[in-house]
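Inside the fold
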Amino acid sequence: MSHIRQRFHNLSATAIIIAAGWMFYGLVPYYQQFFSQQTTLFNGWEIGHWQILQTATAGYALLLAIFYLTERAPRMSKSIWCLRALRRLLTSPGAVLRGGWSYEERLGLLTLLLKFFFAPLMLVWLVDHVIVMVNNGVGLTHQFGALSTRFLDVFNANGYWCLFQLILFLDVFFYTVGYLVELPGLKNEIRSVDPTWLGWGVALACYPPFNGLTNQVLGWHSTDFPQFGNPAVHLAANFCLLGLMGVYTWASVALNLRASNLTHRGIVASGPYRFIRHPAYVCKNLAWWIGLQPALWDALHSSPIAAVLIVGSMCGWSFIYALRALTEERHLRSVDDEYDRYRQRVKYRFIPGVI
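Residues numbered from 1 in each chain as written. Predicted model: local features only at pLDDT ≥ 70, side-chain atom pairs only at ≥ 80, totals over all residues. Heavy atoms only, no water.

The interhelical angle for the contact between helix H11 (residues 279-302) and helix H12 (residues 304-335), taken along N-to-C directions, is 170 degrees, at an axis separation of 8 Å. Between H11 and H12, the crossing angle belongs to the class labelled roughly antiparallel. The class makeup of the residues in the contact of H11 with H12 is 18 nonpolar, three polar and three charged. (Axes fitted to C-alpha atoms, helices over the stretch in contact; angles between N-to-C directions. Helix = DSSP H or I, 4+ residues; strand = E, 2+ residues; numbered from the N terminus. Parallel < 35°, antiparallel > 145°, perpendicular 65-115°, else oblique. Nonpolar A, V, L, I, M, F, W, Y, C, P; charged D, E, K, R; others polar.)

This is the structure in structure tokens:
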């Protein structure tokens, strides 16, 4: 009988959390506009972000219900702990600020905040990457039909974007599943979430809507597909950019179903994490520096001050990612001694043999 009661409580709490999430995204003007965007397939069929979220939420809720109803030994879900934390926060805010809630309550609240911020973004980005990849794949097929088409033309028109979107799709796929799924059998349960303002601040500064403010402060001058006048330089630079983004996604594949920001789900030391401790951040920033070059060279020919501002802008973004690396390490070291042993094996954060 206690198992039946626990299953009912888990289902009820999860339904309340999902309903609250829908109300939030439906009422906040920024998200109303963000999720009202449409993505067009090559055949003219359009799909809206709200449609993606509605379908995904319905499927996810059904899978959660099946899981809760069939779980052999049901435990108190993080949704329940989250609601308890919110009740404590509303009734005794002073006590909470002095650390007056349990580990489970804090973990439940931070985990649900994390999921509801990142999961919707990842879902719509995942579908967008698939659609853009398919559209460019279709265009690539048509180009291959023209035997006289030059490689450079194929690369510029569809080839680059098809590869770029495939790389991003794989990255976002593992993060989407990572945010939505945590099971004991998969060994990817969230054990801890960074509780610090700095940790959350530098992470959220890189994602909408907060990256809009970061852009206003720092500026943004890089591009995903930089254009160079010399064909050899153009191809070399962009293949290098694709290679860096490939390593970036390799890091996500290594994290596998443990992929998510601000969390501890076990120490990963495989893939590119064998060589440096933050391969994804390093490769993403190096790719951005490559994407910055056309704007930088134009500025150097017109205004040295503009060139300094462009370099300063990207230095600011790289500094944010350095802070993300440092706050993640601080969090992992505070909750798991295994991370110190990993640091002893992999001594360098960013550049092998240097730093």
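In this structure, Phe118 and Met245 are the most contacted members of the largest nonpolar core, which totals 78 residues. Sorting elements by how many residues they give to this core places helix H6 (residues 103-144) first, with 12 residues. Once you skip the residues sitting within four places of it in the chain, methionine 245 turns out to touch Phe164, Ile167, Leu168, Lys284 and Ala287. Counting five residues, the second-largest nonpolar core is a separate cluster that includes Ile17, Ala85, Leu109 and Leu112. (Core = buried A, V, L, I, M, F, W, Y, C linked by side-chain atoms within 4.5 Å. Buried < 20%, exposed > 50% of the residue type's maximum accessible area, 1.4 Å probe, protein only. Contact = heavy atoms within 4.5 Å.)

Moving on, we get to the state of the cysteines. Per the counting criterion, the structure on display carries zero disulfides. Its sulfur unpaired, cysteine 206 is 15 Å from the next cysteine sulfur, which belongs to cysteine 315. The class for cysteine 206 is buried, based on a relative accessible area of 11%. The partly exposed category is assigned to cysteine 315, whose relative accessible area is 40%. (Disulfide = S-S within 2.5 Å.)

Okay, a nonpolar patch on the surface next. On the surface, a cluster of nonpolar side chains totalling about 310 Å² of accessible area is made up of Leu62, Leu63 and Ile66. Following the sequence through the fold, isoleucine 66 ends up in helix H3 (residues 49-70). (Patch = residues over 30% accessible without salt bridge, like charges linked within 9 Å, V, L, I, M, F, W, Y side chains within 5 Å. Areas by Shrake-Rupley, 256 points an atom, 1.4 Å probe, with all protein chains shown as cover. Salt bridge = Lys/Arg side-chain N within 4 Å of Asp/Glu carboxyl O.)

Let's shift gears to the packing of aromatic side chains. Scanning the entire structure with this criterion turns up 34 aromatic pairs. For the pair tryptophan 161 and phenylalanine 225, a centre-to-centre distance of 5.7 Å together with 85 degrees between the ring planes defines the contact as edge-to-face. Separated by 64 residues along the polypeptide, tryptophan 161 in helix H7 (residues 151-180) and phenylalanine 225 in the loop between helix H9 (210-218) and helix H10 (231-255) bring together distant segments of the chain. Measuring from ring centre to ring centre gives 5.4 Å for tryptophan 288 and tyrosine 321, while their planes differ by 80 degrees; the resulting arrangement is edge-to-face. One end of the pair, tryptophan 288, is in helix H11; the other, tyrosine 321, is in helix H12, with 33 residues separating them in the sequence. An aromatic cluster is defined as three or more aromatic residues linked by ring pairs; in this entry it consists of Trp22, Phe24, Tyr25, Tyr30, Tyr31, Phe34, Phe35 and Trp50. In this arrangement the basic side chain of arginine 84 is found over the ring face of tryptophan 81, its NZ or CZ atom lying 5.2 Å from the centre. (Phe/Tyr/Trp six-rings, centres within 6.5 Å; stacked < 30°, edge-to-face > 60°. Lys NZ or Arg CZ within 6 Å of the ring centre and 35° of its normal.)

Moving on: the packing of H9 against H12. Contact geometry of H9 with H12 gives a least axis separation of 9 Å together with a crossing angle of 140 degrees. It follows that H9 is oblique to H12 by the angle criterion. Between H9, through Asn211, Thr214, Asn215 and Leu218, and H12, the contact on the second element is made entirely by Ser313, Gly316, Trp317 and Ile320.

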